[in-house]
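Fold and geometry: a report
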Amino acid sequence: MDAVENAVTPAAPSTVANGTSSAIIVEEFEDLASLVRDDEASVSITVVGASGDLAKKKIFPALFALYYEGCLPKHFSIFGYARSKMTDAELRDMVSKTLTCRIDKRENCSEKMEEFLKRCFYHSGQYDSEEDFKELGKKIKQHEGPRVSNHLFYLSIPPNIFLDVVKCASKSASSVSGWTRVIVEKPFGRDSESSAALTKGLKQYLTEDQIFRIDHYLGKELVENLSVLRFSNLVFEPLWSRQYIRNVQLIFSEDFGTEGRGGYFDSYGIIRDIMQNHLLQILALFAMETPISLEAEDIRNEKVKVLRSMKPLRLEDVVIGQYKSHTKGGITYPGYTEDKTVPKGSLTPTFAAAALFINNARWDGVPFLMKAGKALHTKQAEIRVQFRHVPGNLYKGSFGTDLDRATNELVIRVQPDEGIYLKINNKIPGLGMRLDRSNLNLHYAARYPKEIPDAYERLLLDAIEGERRLFIRSDELDAAWELFTPLLKELEQKRMAPELYPYGSRGPVGAHYLAAKYNVRWGDLG
Ligand SMILES: NC(=O)C1=CN([C@@H]2O[C@H](COP(=O)(O)OP(=O)(O)OC[C@H]3O[C@@H](n4cnc5c(N)ncnc54)[C@H](OP(=O)(O)O)[C@@H]3O)[C@@H](O)[C@H]2O)C=CC1
Ligand SMILES: O=C1O[C@H](COP(=O)(O)O)[C@@H](O)[C@H](O)[C@H]1O
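Bear in mind that the values here come from a model prediction, so they are computed numbers and not experimental data.

Regarding the overall build of the protein chain
Counting its secondary structure elements, the protein chain contains 17 helices and 18 strands. For the protein chain, whose C-alpha radius of gyration is 26 Å, the value lies close to the compact-globule estimate of 24 Å for 526 residues. A total of 526 residues make up the protein chain; the buried ones form 52% of that total. For the protein chain, the share of sequence-separated contacts (at least 6 apart) that also reach a separation of at least 24 residues comes to 77%. Element-wise, carbon and sulfur atoms account for 54% of the exposed surface of the protein chain, whose accessible area totals about 23700 Å². With 69 positive and 71 negative side-chain charges, the protein chain shows a separation of 6 Å between the mean positions of the two kinds.

So, in structure tokens, the structure goes:
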């Protein structure tokens, strides 16, 4: 598909099959090759599903932020594509409502917004219509100019229509002079079989190198920082094992419900929506062996090894929940099944907690506790590392039997209010000898006043630049689904009823019993 690589090394002069003089062929190649040498290649970014939630909430704002920061190629154009009818002006108006400027804006932001919006266009079409995509391809071409043109398609649509779009886009709107790449959103199928079928289907039209499976948590600042924290600080790497760590907790919570996204969410549930991808990716990055280098394949090789050394989740190590209506402060919050986009009587879990184990020398026996939920008491994502007690602790008299008070805990707050803090014991200043708990604290907002880029900015830029480190490789995906598919099938076959929890609460009580089964107390409950 990448015509450019072929064009740059023109065939040796000879008479080609159709009798055309090879001199002409070489001349055409040289023209094209000269284009390649022009580092002003253009890129067109097509957001498929442009009328949807993710496009409005994340993708267009991230593209604007990249433009505002001067990170997009000089020659770029953005196209929205969906079934909804919209004019260019209506798309620009819709997008303008989602854009914000950096708090450290260096120049008049509204001018930059106007410039950006002028480069946004819309084409309405069906997702399975080659003709509609051909028309889109013509529109893209109108804005490319006489240069190498690269095409990026972002599939911001429900997974069940990925293949239709990839087939039509690759056949009717691919670049003929540059690369064509497709960003595919999680959850990449529903289980091992459908994920493998999806990858097989995509590869009818694309090579692996053209597929960018996005998990935007990999673009989060504190997730990217994980390997820096561990591998560039001597104080951490020696402790990163079962010898010193008694458990690791990966926690995701939101203080809102599905809010009209039931059409997607009810078919997937919280385990597919959050745990099998975001939290598992964090676990893999956290637990992996030291990669040979920071190159994409070396890192992804180590992540796959960790995933493959894990046992599939067992039903007895999982708790599921679903939020129910709750009235607080005179406000009644709806239950999950009261969302009009959710089928009545749905058993889809909006909460899950699970204990996972890594069968290797570094982590044997250490529980990795995950929990993820919607409509809880707070919105946060964090990693908690609870260390073992100090053997023969001279100060154990100061802590009593409270293991959590006697031990250190490293907390990586992915969001909100990014930060890293380490709970330590220290002497209270004064003439006595009294101990206290304090935090060694890296608070990003205090340390770095500059606004942190959104994960989607990082990932969109990497896809344009062809940097694959933060994208999911197909074997990683296969290993992730292998861990969760047996459990997901068992939950659905047995029609397991989720434990109901009040909207805005700390989730099902069952999650505490699961943690206690492994002598763990969730660190996020104060
Ligand atoms: N929203 C979020 O926060 C996140 C979403 N994702 C993923 O991103 C993708 C898009 O998510 P999101 O934007 O929330 O999805 P939406 O439900 O908003 O759908 C996006 C667009 O796709 C079209 N569409 C929706 N349902 C169907 C259908 N059944 N058949 C055909 N077209 C349909 C609609 O456009 P039209 O009718 O105009 O054609 C809609 O505007 C999904 O794969 C999701 O898993 C990933 C991370 C976060
Ligand atoms: O992938 C998803 O992520 C969002 C949460 O993303 P965040 O960056 O805001 O933490 C979640 O709301 C959504 O259900 C899920 O599909």
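Let's pick the thread back up.
Describing helix α5 (residues 109-117)
Since the α-helix turns once every 3.6 residues, residues separated by three or four places project in the same direction. The set of residues buried in α5 consists of Cys109, Lys112, Met113, Phe116 and Leu117. Across the axial projection of α5, the buried residues extend over an arc of 130 degrees, all falling on one side. Those residues of α5 that are buried lie in contact with α3 (53-68), β2 (76-82), α4 (88-96) and β3 (120-124).

Description of the sheet that holds strand β5 (residues 180-185)
As summarised here, the arrangement of the seven strands in space is β3-β2-β1-β4-β5-β6-β17, forming an open sheet in which the pairing is mixed. For this open sheet the edge positions go to β3 and β17 (471-472), each flanked by a neighbour on one side alone. As defined by bridge partners, strand β1 (residues 42-48) adjoins β2 across six bridges and the pair is classed as parallel. Opposite serine 44, over in β2, you have serine 77 as the bridge partner. Along the sheet face, α4 touches β2 and β3 and points at about 120 degrees away from the line of β3.

Overview of the site of ligand 2
Among the 13 residues in the neighbourhood of ligand 2, the closest are listed as Tyr217, Lys220, Glu254, Asp273 and His278. Between ligand 2 and the protein, one listed contact pairs an oxygen atom with a side-chain N or O atom of tyrosine 217 at 2.5 Å. One of the side-chain N or O atoms of lysine 220 is found 2.7 Å from an oxygen atom in ligand 2. When ligand 2 sits alone it has 400 Å² of accessible area, and the protein chains cover 88% of it. In terms of residue count, the dominant contributor to the shell around ligand 2 is helix α11 (residues 269-287) (three residues). For the shell around ligand 2, the class distribution of residues is three nonpolar, three polar and seven charged.

Here's the deal with the domain arrangement of the protein chain
Domain assignment breaks the protein chain into domain 1 (39-185) and domain 2 (221-452 + 474-518). Computed from C-alpha coordinates alone, the two centres of domain 1 and domain 2 are separated by 34 Å.

Describing the sheet that holds strand β15 (residues 419-427)
Pairing in this open sheet of nine strands is mixed, and the strands run β16-β15-β14-β13-β7-β12-β11-β8-β18 from one edge to the other. Unpaired on one side and paired on the other, β16 (435-443) and β18 (499-502) mark the two borders of the sheet. In this sheet, adjacent strand axes meet at a mean angle of 20 degrees when their direction is disregarded. The strands that helix α9 (residues 221-231) touches are β13 (380-387), β14 (409-415) and β15; relative to β14, the one it contacts most, it runs at about 145 degrees. On the sheet, α11 packs against β7 (245-253), β8 (318-324), β11 (351-356), β12 (368-373) and β13 and is oriented at approximately 145 degrees with respect to β12.

Concerning the UniProt feature "domain: Glucose-6-phosphate dehydrogenase C-terminal" (unreviewed entry) in the protein chain
Per the UniProt entry, the sites bearing "domain: Glucose-6-phosphate dehydrogenase C-terminal" (unreviewed entry) are residues 228-522 in this numbering. Helix makes up 29% of residues 228-522 and strand 25%, with an end-to-end C-alpha separation of 26 Å.

Some details on the pattern of salt bridges
The tally for this structure, following the rule as stated, stands at 37 salt bridges. The partner of glutamate 476 in a salt bridge is lysine 303, with the nearest N and O atoms 2.9 Å apart. One end of the pair, glutamate 476, is in helix α16 (residues 474-493); the other, lysine 303, is in helix α12 (residues 296-308), and 173 residues separate them in sequence. Accessibility classification places glutamate 476 together with lysine 303 in one group, the buried group. Through salt bridges with shared partners, a single network forms among Arg230, Glu237, Glu289 and Arg362.

Considering the nonpolar core
Grouped together as the largest cluster of nonpolar side chains are 153 residues, with contacts concentrated most on Phe116, Ile271, Phe286, Phe368, Ile383 and Phe484. Among the elements that line this core, the one with the most residues is α11, at 12 residues. Each of two domains, domain 1 (39-185) and domain 2 (221-452 + 474-518), supplies a minimum of three residues to this core. Leave out the neighbours within four places in its chain, and phenylalanine 368 touches Val248, Leu283, Phe286, Ala287, Ala354, Ala355, Leu356, Ile358 and Trp363.

A word on the environment of glycine 262
Looking at the secondary structure, you find glycine 262 in helix α10 (residues 262-265). Residues glycine 262 and proline 343, 81 residues apart in the sequence, show an inter-C-alpha distance of 8.2 Å. Apart from the residues within four sequence positions on either side, glycine 262 is in contact with Thr341 and Val342.

Considering the state of the cysteines
A complete count under the given rule lists zero disulfides for this structure. Among the cysteines around cysteine 120, which has no disulfide bond, cysteine 109 carries the closest sulfur, lying 14 Å off.

As for the site of ligand 1
The full set close to ligand 1 counts 21 residues, and Ser51, Asp53, Leu54, Ser84 and Tyr127 are the nearest of them. Contact between ligand 1 and serine 51: an oxygen atom at 2.6 Å from a side-chain N or O atom of the residue. A distance of 2.6 Å separates a nitrogen atom of ligand 1 from a polar atom in the side chain of aspartate 53. Bound to the protein, ligand 1 loses 79% of the 860 Å² it would expose on its own. When residues in the shell around ligand 1 are grouped by element, the largest group, three residues, is from α3. Considered class by class, the residues forming the shell around ligand 1 number 10 nonpolar, five polar and six charged.

Regarding unusual backbone geometry
Cis geometry marks the peptide bond from lysine 186 to proline 187, where omega comes out at 20 degrees. As for its placement among the helices and strands, proline 187 is situated in the loop between β5 and α8 (192-202). In this structure, the amide linkage connecting glutamine 415 to the following residue, proline 416, adopts the cis form with an omega of -10 degrees. Here proline 416 is to be found in the loop between β14 and β15. The backbone of glutamate 259 sits at a positive phi, close to 50 degrees, despite the residue not being glycine. Here the phi dihedral of aspartate 417 falls at roughly 55 degrees; this positive angle occurs in a residue that is not glycine. Relative to the helices and strands, aspartate 417 is located in the loop between β14 and β15.

So, how was this worked out
- Residues numbered from 1 in each chain as written.
- Chains lettered and ligands numbered in written order.
- Predicted model: local features only at pLDDT ≥ 70, side-chain atom pairs only at ≥ 80, totals over all residues.
- Heavy atoms only, no water.
- Helix = DSSP H or I, 4+ residues; strand = E, 2+ residues; numbered from the N terminus.
- Rg over C-alpha atoms; globule rule 2.2 N^0.38 Å.
- Buried < 20%, exposed > 50% of the residue type's maximum accessible area, 1.4 Å probe, protein only.
- Contact = heavy atoms within 4.5 Å.
- Areas by Shrake-Rupley, 256 points an atom, 1.4 Å probe, with all protein chains shown as cover.
- Lys, Arg positive; Asp, Glu negative; His and termini not counted.
- Charge placed at Lys NZ, Arg CZ, Asp CG, Glu CD.
- Arc of directions from axis to C-beta.
- Pairing = 2+ DSSP bridges.
- Axes fitted to C-alpha atoms, helices over the stretch in contact; angles between N-to-C directions.
- Near = heavy atom within 4 Å.
- Polar contact = N/O pair within 3.5 Å; in protein donor to acceptor, adjacent residues only side chain to side chain.
- Nonpolar A, V, L, I, M, F, W, Y, C, P; charged D, E, K, R; others polar.
- Domains from an automatic or database assignment.
- UniProt positions renumbered as here; feature names shortened; annotations may be inferred.
- Salt bridge = Lys/Arg side-chain N within 4 Å of Asp/Glu carboxyl O.
- Core = buried A, V, L, I, M, F, W, Y, C linked by side-chain atoms within 4.5 Å.
- Disulfide = S-S within 2.5 Å.

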